[in-house]
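Listed below are the residues making up each chain.
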Amino acid sequence: MRMVKVEASVSLRRDLDTGTEMQRDAVDNIITQVIEQGDHALYTLTKTLDGAELDQLRVTEAEMEAAYAQMDEELIGALREAMTNIRDFHQRQLRQSWLTTKEDGTILGQQITALDSVGVYVPGGKAAYPSSIMMNVIPAQVAGVKRIVMVSPPQADGSLPAGVLVTASELGVEEIYKVGGAQAVAALAYGTESITPVDKITGPGNIYVALAKRAVFGKVDIDMIAGPSEIVVLADETGDPGYIAADLLSQAEHDERASAVLVTTSNELAEQVSVEVEKQLALLPRKDIAAASIRDYGVIYVARDIAEAIHVVNELAPEHLELLTKEPMNLVGKIRHAGAIFVGSYSSEPVGDYFAGPNHVLPTNGTARFSSPLNVDDFIKKSSIIAYSKEALEANGSKISALARLEGLEAHARAIDIRLEGNK
Ligand SMILES: NC(=O)c1ccc[n+]([C@@H]2O[C@H](COP(=O)([O-])OP(=O)(O)OC[C@H]3O[C@@H](n4cnc5c(N)ncnc54)[C@H](O)[C@@H]3O)[C@@H](O)[C@H]2O)c1
Ligand SMILES: N[C@H](CO)Cc1c[nH]c[nH+]1
Ligand SMILES: [Zn+2]
């Protein structure tokens, strides 16, 4: 792995991937096709881009039964346990509506309502992601969303992986379509003969999915543009090089553009991790993807001390941060920007990807500076409630109409005045 001494002037963040002109044109073209040709476009694009010839887009009962027949009972048990952990965690995020009454009888408040419908994109190009189904669907269910639609690209034989179907079924998702990429996003936003549009689209995906989400934003809401996975490990001399290399590779295997970074105060650990990464990489089934990620986006920063190492981490604002130091819990409060913080040697990143409970859809590309993991708030909206009493309007009306006239908005002022005049 590339080794770099930290210098204050080094720009650490990588640029947001806005795609090539060709990719942007392709996505615009796909969205137009879906708007103009509906289902027909979905069938032809699925044939061209996924190599699958479909009879129908929606997953059938028979397909679901076939999926269950392929799944191991113990694995279903593990899925259910993960679902319970994720549901328990997100339940704690649920907000309540509230009302407050002032002395003059004014009632103010905030009413929480769930979104009516949400479309969940489940990536399926380079890997299948049952875990992403749980991470998107569960917070939506906790929020109270009634209609949850799932889309995912089919395999060349026209099927979705058994793990994907069984996970969706275990969660009670009934509306599942075998379509992926920009065409799936366009269908969820604009609708087709088979797919009724939704109000919000969530879920990670590749550059085509990201560009399409960006393009339909405004017609529908989106969660975030989640870029390729990222991991930063902050370790001192106590870090275990084998664990660190394994954790770096766990994210490198997602994508050629995933990034895996070690920030350490120890030259010796830096050397050991570099050797260990090469050793473990050679044995991985997805070594081609992981090797490209390590080659292009793998870095080891050697810092003078922990303070400098923390500065690097905050500059990177990573999606995942592991703290592998002597007293890792003491460092948590010093981290200003990170999507998820994994504390200590036994909190390896995949613990969070699959099982612990917190969401694994996290801000990437330095956006942890201003955004948060996917959560229940992403699936609700708030309405303000204002109930003024006669007494309150009489006491404050002249101030309100004065403020309206300050803006030159006479009709606003008169809407208040007409009520005050009536009482003269
Ligand atoms: N942040 C997270 O929580 C999280 C979770 C899981 C996966 N991910 C990321 O999601 C991404 C998944 O990407 P993926 O590719 O595996 O699956 P994907 O489902 O996002 O993309 C596959 C689709 O891309 C479209 N596509 C491919 N080549 C195209 C082309 N030339 N023109 C037009 N469309 C084309 C096809 O429609 C195909 O169905 C990875 O980067 C992974 O790291 C992130
Ligand atoms: N680490 C990914 C988010 O960057 C999520 C994931 C799903 N499956 C495995 N990992
Ligand atoms: Zn992962």
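Going by what an unreviewed UniProt entry lists, the protein is known as Histidinol dehydrogenase and is assigned to Halalkalibacter oceani. As recorded by UniProt, the Catalytic activity (unreviewed entry) comment attached to the protein reads in full: "L-histidinol + 2 NAD(+) + H2O = L-histidine + 2 NADH + 3 H(+)". On record in UniProt, under Function (unreviewed entry), the comment for the protein is "Catalyzes the sequential NAD-dependent oxidations of L-histidinol to L-histidinaldehyde and then to L-histidine."

Caption draft 1: The coordination of the zinc ion (ligand 3), seen in detail. Only His254 (NE2) and Asp353 (OD) from the protein reach the zinc ion (ligand 3) as donors, at distances of 2.1 Å. Around the zinc ion (ligand 3) sit four donor atoms, and with donor-metal-donor angles ranging over 84 to 174° the site reads as irregular. On the criterion of sequence distance, the pair formed by His254 in the loop between helix H9 (241-252) and strand E10 (259-264) and Asp353 in helix H13 (residues 349-354) is long-range, its members being 99 residues apart. You'll find His254 and Asp353 in the same group, each marked buried.

Caption draft 2: Geometry of the domain arrangement of the protein. Its domain assignment divides the protein into domain 1 (21-222), domain 2 (227-370) and domain 3 (390-421). Computed from C-alpha atoms alone, the centre-to-centre distance between domain 2 and domain 3 is 58 Å.

Caption draft 3: Quick look at the site of ligand 2. Neighbouring ligand 2 are Tyr129, Ser131, Ser229, Gln251, His254, Glu319, His320, Glu349, Asp353, Tyr354 and His360. In this structure, a nitrogen atom belonging to ligand 2 sits 2.8 Å away from a side-chain N or O atom of Gln251. Residue Glu319 places a side-chain N or O atom 2.8 Å away from an oxygen atom belonging to ligand 2. Burial of ligand 2 by the protein amounts to 91% of the accessible area it has alone, namely 290 Å².

Caption draft 4: A look at the packing of aromatic side chains. Tallying each qualifying case throughout the model produces one aromatic pair. Seen from their ring centres, Tyr243 and Tyr346 are 6.4 Å apart, and the 65° between their planes marks the pair as edge-to-face. Of this pair, Tyr243 sits in helix H9 while Tyr346 sits in the loop between strand E13 (340-343) and H13, and the two are 103 residues apart along the sequence. Accessibility expressed as a relative area gives 36% for Tyr243, which makes it partly exposed.

Caption draft 5: Summary view of the sheet that holds strand E2 (residues 98-101). Reading across from one edge, E2-E3-E14 is the order of the three strands in this open sheet, with antiparallel pairing throughout. Looking at which strands have only one partner, the edges of the open sheet turn out to be E2 and strand E14 (380-387). The average angle at which neighbouring strand axes cross in this sheet is 15°, direction not considered.

Cut-offs applied
- Residues numbered from 1 in each chain as written.
- Chains lettered and ligands numbered in written order.
- Predicted model: local features only at pLDDT ≥ 70, side-chain atom pairs only at ≥ 80, totals over all residues.
- Heavy atoms only, no water.
- UniProt positions renumbered as here; feature names shortened; annotations may be inferred.
- Donors = N, O, S within 2.8 Å, 3.2 Å for Na, K, Ca; no water.
- Tetrahedral: all angles 85-135°; square planar, octahedral: opposite > 155°, others 65-115°.
- Helix = DSSP H or I, 4+ residues; strand = E, 2+ residues; numbered from the N terminus.
- Buried < 20%, exposed > 50% of the residue type's maximum accessible area, 1.4 Å probe, protein only.
- Domains from an automatic or database assignment.
- Near = heavy atom within 4 Å.
- Polar contact = N/O pair within 3.5 Å; in protein donor to acceptor, adjacent residues only side chain to side chain.
- Areas by Shrake-Rupley, 256 points an atom, 1.4 Å probe, with all protein chains shown as cover.
- Phe/Tyr/Trp six-rings, centres within 6.5 Å; stacked < 30°, edge-to-face > 60°.
- Pairing = 2+ DSSP bridges.
- Axes fitted to C-alpha atoms, helices over the stretch in contact; angles between N-to-C directions.

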